[in-house]
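Close look at the chain arrangement
These are the residues of each chain, in order.
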Amino acid sequence: MHLVLEYTLADDYLDRRTALREDHLALARAAHARGELLLAGALPDPFDRALLVWTAPREVVERFAAEDPYVREGLVTSWSVRPWNVVIG
């Protein structure tokens, strides 16, 4: 089973992310190293959403979002977790 964590990004996300980027990436890299986070990235043109694909239980994904500096500092204006029904792959 996979879960998708979808972030809605603030209008000034690109301007503000530099100060928080290393902490955000460290959190994501640690989740990836544990085998919980499969893929992650932002959707460009415009940079208004980010998607993170998980193989971990919902509580792990929700804890990640709660601890993410992008969420805590308002670069993410809202987020949701949804099951992803993978058909191929």
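A brief look at the structure comes next.

Scanning all chains against the criterion turns up four salt bridges. Across the pair arginine 49 and glutamate 6 runs a salt bridge, and its minimum N-O distance is 3.1 Å. On the criterion of sequence distance, the pair formed by arginine 49 in strand β3 (residues 49-54) and glutamate 6 in strand β1 (residues 2-9) is long-range, its members being 43 residues apart. Arginine 49 sits in the partly exposed class, given a relative accessible area of 29%.

This structure, assessed with the given rule, holds two aromatic pairs. Relative to tyrosine 70, the ring of tyrosine 13 has its centre 5.8 Å away and its plane inclined at 85°; by these criteria the two rings are edge-to-face. Of the two residues, tyrosine 13 is situated in helix α1 (residues 13-16) and tyrosine 70 in helix α4 (residues 69-72); the sequence distance between them amounts to 57 residues. Given a relative accessible area of 5%, tyrosine 13 falls into the buried group. A residue is classified by how much of its surface remains accessible, and tyrosine 70, at 2% relative accessible area, is buried.

Here helix α2 (residues 18-33) contains 16 residues, and its C-alpha end-to-end distance of 23 Å stays within 8% of the 22 Å for a straight helix at 1.5 Å per residue. Turning to α2, its buried residues number three or more, namely Leu20, His24, Leu25, Ala28 and Ala31. The arc that holds the buried residues of α2, viewed along the axis, is 135°, so those residues lie on one side. Turned more than 90 degrees away from the buried face of α2, the exposed residues are Glu22, Asp23, Arg29 and Ala33. Contacts made by the buried residues of α2 are with α1, β2 (37-43), β3, α3 (58-67) and α4.

About the thresholds
Residues numbered from 1 in each chain as written. Predicted model: local features only at pLDDT ≥ 70, side-chain atom pairs only at ≥ 80, totals over all residues. Heavy atoms only, no water. Salt bridge = Lys/Arg side-chain N within 4 Å of Asp/Glu carboxyl O. Helix = DSSP H or I, 4+ residues; strand = E, 2+ residues; numbered from the N terminus. Buried < 20%, exposed > 50% of the residue type's maximum accessible area, 1.4 Å probe, protein only. Phe/Tyr/Trp six-rings, centres within 6.5 Å; stacked < 30°, edge-to-face > 60°. Expected span 1.5 Å × (residues − 1). Arc of directions from axis to C-beta. Contact = heavy atoms within 4.5 Å.

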